[in-house]
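Residue strings, one per chain:
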Amino acid sequence: MPPTFFIFLGLIAYFGLTTVTCIIFIPMLFFDRKRLFAKKVLATVLISFPCLMVMGLVFVIIFIIPALVFSWLANSGYISRTPGIILALTGLIIFGCSVATSALYLWYFISKLIYQRLDRKPLQDFLDNDKVFKFLRPYLIKFKFYNPAS
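In short, a report on the structure. Computed from a prediction, not measured in an experiment: that's the story for all the values here.

**Quick notes on the pattern of salt bridges**
Applying the stated rule across the entire model yields 3 salt bridges. Across the pair Lys40 and Asp119 runs a salt bridge, and its minimum N-O distance is 3.2 Å. With Lys40 in helix 2 (residues 35–75) and Asp119 in the loop between helix 3 (81–118) and helix 4 (123–129), the pair connects residues that are 79 residues apart, well separated along the chain. On the basis of relative accessible area, Asp119 is assigned to the partly exposed category, the value being 28%. A salt bridge links Asp128 to Arg137; its shortest N-O distance comes to 3.9 Å.

Written out as structure tokens, the structure is:
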């Protein structure tokens, strides 16, 4: 089984979910009362898998060096078999939980930004109340990812 098999299965599930969502919610775009709801549902579904892929890629970049060092130590005999298996499973669980929680938060965050835009509400209201964004704001400004003046 190639290492990209699970990504391929996720992509198939994503396309299936997107197809079902489009079949159900695109006709709702033709009704004025349901147009906003249909736009929100379509946007939420369309950003789900890309959020998972982005966060997976970010955490692969973060975890690749420790994983390679651990692999080298385990294959060279510096780490015995039983503790190596326990450490490998622990690392895999930490990686999976990190990707899942951060992808879900990114999905929530982007969905809320899209909802604010669709409702024609100012984005700053949401950004001022979001605790994680408040925590990350100094770093985003420092690395020029966020400009508070705009």
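Next comes the rest of the account.
**Side note on unusual backbone geometry**
In this structure, Arg120 is a non-glycine residue whose phi angle is positive, near 60 degrees. Relative to the assigned elements, Arg120 resides in the loop between helix 3 and helix 4. Phi is positive for Lys144, close to 60 degrees, though the residue is something other than glycine. Considering the arrangement of structural elements, one finds Lys144 in the segment after helix 5 (131–142).

**Notes on the side chain of Thr21**
Locating Thr21 in the fold gives a position in helix 1 (residues 5–25). A relative accessible area of 6% means that Thr21 is categorised as buried. Polar contacts involving the side chain of Thr21 include one to the main-chain carbonyl oxygen of Leu17, which spans 2.7 Å. For Thr21, the contacting residues outside a window of four places in its chain are Ile26, Val41, Leu42 and Val45.

**Things to note about helix 5**
A distance of 3.0 Å separates the backbone nitrogen of Phe133 from a side-chain oxygen at the start of helix 5, and that oxygen is part of Asp130. The positive-phi residue at the C-terminal boundary of helix 5 is Lys144, with phi of around 60 degrees.

Thresholds, definitions, all that
Residues numbered from 1 in each chain as written. Predicted model: local features only at pLDDT ≥ 70, side-chain atom pairs only at ≥ 80, totals over all residues. Heavy atoms only, no water. Salt bridge = Lys/Arg side-chain N within 4 Å of Asp/Glu carboxyl O. Helix = DSSP H or I, 4+ residues; strand = E, 2+ residues; numbered from the N terminus. Buried < 20%, exposed > 50% of the residue type's maximum accessible area, 1.4 Å probe, protein only. Polar contact = N/O pair within 3.5 Å; in protein donor to acceptor, adjacent residues only side chain to side chain. Contact = heavy atoms within 4.5 Å.

By themselves, these are just geometric observations and shouldn't be taken as functional.
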